[in-house]
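Report on the structure
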Amino acid sequence: MPLTPNNREPASPVKIERVVEDLFKVPIQLTRAPNSNKLCDSMIQELDQIRTETPNGKPNSWACDVYTTISNNCNLHERPAFREFTDFLMEGLNKFGETMAYPLAENNLRITQCWVNIYQHGMSQEIHNHANHIMTGVYYVKAPPNCSKILFHSYQADTMIRPPLERDTPYNNVVASYSPQPGDLVIFDSSLRHSVQVNASEGERISVSFNATM
Amino acid sequence: MIDLTPHTKYLELFPCPVQISNVPDHNDIKKNLLPAVDLIRSSTPNSRPNEWACSLYTTMENNNELHMLPEFAHLSQIIACELIEFAKYIGVYLPNDNVFIKNMWINVFEKNCSTDVHVNPNSLFSGIYILKAPKGSAKIVFDSPSSEKMISVPVLEDNQYNMENVAYNPIEGQLMIFNSNFRHRDNLHTIDQSKITLNFTAVI
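Okay, so let's go over this structure. Note that the structure is a prediction, hence the values are computed from the model and not measured. (Residues numbered from 1 in each chain as written. Chains lettered and ligands numbered in written order. Predicted model: local features only at pLDDT ≥ 70, side-chain atom pairs only at ≥ 80, totals over all residues. Heavy atoms only, no water.)

1. Digging into the sheet that holds strand 10 (residues 193–196) of chain A
Residue and element names in this part refer to chain A. Our working rule: A strand pair is defined by DSSP finding two or more bridges across the two strands. Every helix listed is a DSSP run of H or I at least four residues long, and every strand listed is a run of E at least two residues long, numbered separately from the N terminus. To get an axis, fit a line to the C-alpha atoms, keeping to the stretch in contact for a helix; angles then go from 0 to 180 degrees between the N-to-C directions.
Taken together, 4 strands build an open sheet; the order of strands is 5-10-7-8 and the sheet is antiparallel. At either margin of the open sheet sits one strand with a lone partner, and together these are strand 5 (125–128) and strand 8 (175–178). Mean inter-strand twist for the sheet, computed between neighbouring axes without regard to direction, equals 20 degrees. Pairing of strand 7 (residues 150–153) with strand 8, which is carried by 4 bridges, proceeds in the antiparallel orientation. The residue of strand 8 that forms the bridge with isoleucine 150 is tyrosine 178.

2. What about the sheet that holds strand 3 (residues 67–68) of chain A?
Rule in force here: Here, two residues are considered to be in contact whenever any of their heavy atoms come within 4.5 Å of each other.
Pairing is antiparallel across the open sheet formed by 7 strands, whose spatial order is 3(A)-4(A)-11(A)-6(A)-9(A)-2(A)-1(B). Single-partner strands in this sheet number two, and they are strand 3 of chain A together with strand 1 (8–13) of chain B. As defined by bridge partners, strand 6 (residues 135–142) of chain A adjoins strand 9 (residues 184–189) of chain A across 5 bridges and the pair is classed as antiparallel. The partner of threonine 136 of chain A across the bridge, within strand 9 of chain A, is phenylalanine 188 of chain A. Where helix 2 (residues 83–99) of chain A meets the sheet, its contacts fall on strand 2 (26–32), strand 4 (110–119), strand 6, strand 9 and strand 11 (205–213) of chain A together with strand 1 of chain B, and the angle it forms with strand 9 of chain A comes to roughly 40 degrees.

3. What to know about the side chain of aspartate 184 of chain A
All names here are of chain A. The test is simple: Any pair of N or O atoms that falls within 3.5 Å is considered a polar contact. Within protein, one atom must be able to donate a hydrogen and the other to accept it, and sequence-neighbouring residues count only if both atoms are side-chain atoms.
Summarising the element assignment, aspartate 184 is placed in strand 9. Side chain to side chain, aspartate 184 and tyrosine 178 meet in a polar contact 2.8 Å long. When sequence neighbours within four positions are dropped, the list of residues in contact with aspartate 184 reads Thr31, Arg32, Val138, Tyr139, Tyr140, Tyr178 and Ser179.

4. Description of helix 1 (residues 36–53) of chain A
All names here are of chain A. We count it as follows: Multiplying 1.5 Å by the helix residue count minus one yields the expected span of that helix. The quantity called bend is, for any residue, the angle between two axes fitted respectively to the seven residues ending at it and the seven beginning at it. Three exposure classes are used, based on accessible area relative to the maximum for each residue type with a 1.4 Å probe and protein chains only: buried under 20%, partly exposed in between, and exposed over 50%.
Counted at 1.5 Å a residue, the expected span for helix 1 with its 18 residues is 26 Å, and the 26 Å between its end C-alpha atoms agrees. Residue isoleucine 44 marks the point of greatest curvature in helix 1, where the axis turns by about 25 degrees. Here helix 1 has its buried residues at Ser36, Leu39, Cys40, Met43, Glu46, Leu47 and Ile50. Next to the buried residues of helix 1 lie strand 2, strand 3, helix 2, strand 4, strand 6 and strand 11.

Printed below as a string of structure tokens:
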């Protein structure tokens, strides 16, 4: 029986066994700092100091109006007051590197940039990734309820043909979100494009971001 | 050093699905279709596009509606049903309750044939039915959507998170279905006996 558009719901002439294999899953590592309250509290005072002494380093190319030190104070990991925090980041980076089977023993895994982003109500961050790095991460110092989610964009998000969907599944999502909590450490491949939704909360959302290489 | 394991979990995002179906009556299908393929091959010149670096015999450009031929009706019906299973599994809405084979063509891999990495434009789903695959036939390879990133870190061993490609040994009677934007290719065919696949694209 030739198939034509008039043949609806063809019945299989034989019983078929099938499997669906999931290839190339993109890992996002989520870690809750074991002492998150203490760690966040200790960081807030230092971040207030940084904010007082450092003007907004927002690049002109950013559409959003977030306060950031990405271009003028991005060595926060070297501050003595952040030593415990930096140790925690390195633990997280090493864990992600192990998960990815990177040769950590023979290479010098290191943080090269670390900066703070502060989102007031209504602020967001456009889609971007972090060139010239291997791992990128975000630690959430303040994340009030209903503050912005971080969004991750599939490597295939730009595909120009997409079918209509009956339901969302992991196979048809091109964007995935995560709602951060204070004390969350999120680490992912630097090439993965990500963005931050508009902060719908009245409270500040404060995150410290970092890049690492080997 | 703190062991972060108890405090850590992983999101696994954006998997690329490949449905592998085992067609039970593949021996009968092979017996019926090999003569049909030979006949088509004797009457249809190779339509390999000039831009292909690889060499193989294909009817992709000049005889690509094999699903409309009576000899291919049984296999086409199986493929259509498996396409529906795939579409439903990944959550696609089927406005006509059906998935339609758009094109179906023959690829014949003689020794030293391969295919370049490619996608199948203007379709939603693609698939390969392995009609003939002697032991040692060229593998079918899928490339990670992230494999074009310009920093590639060497790894100690391959795992589900760091692999940049996955290769399948072709097995006669296997039907592989995947999204048409998923880049794939065939490795070099290095044995004397030919590998024959029936390839197709589909829309809703």
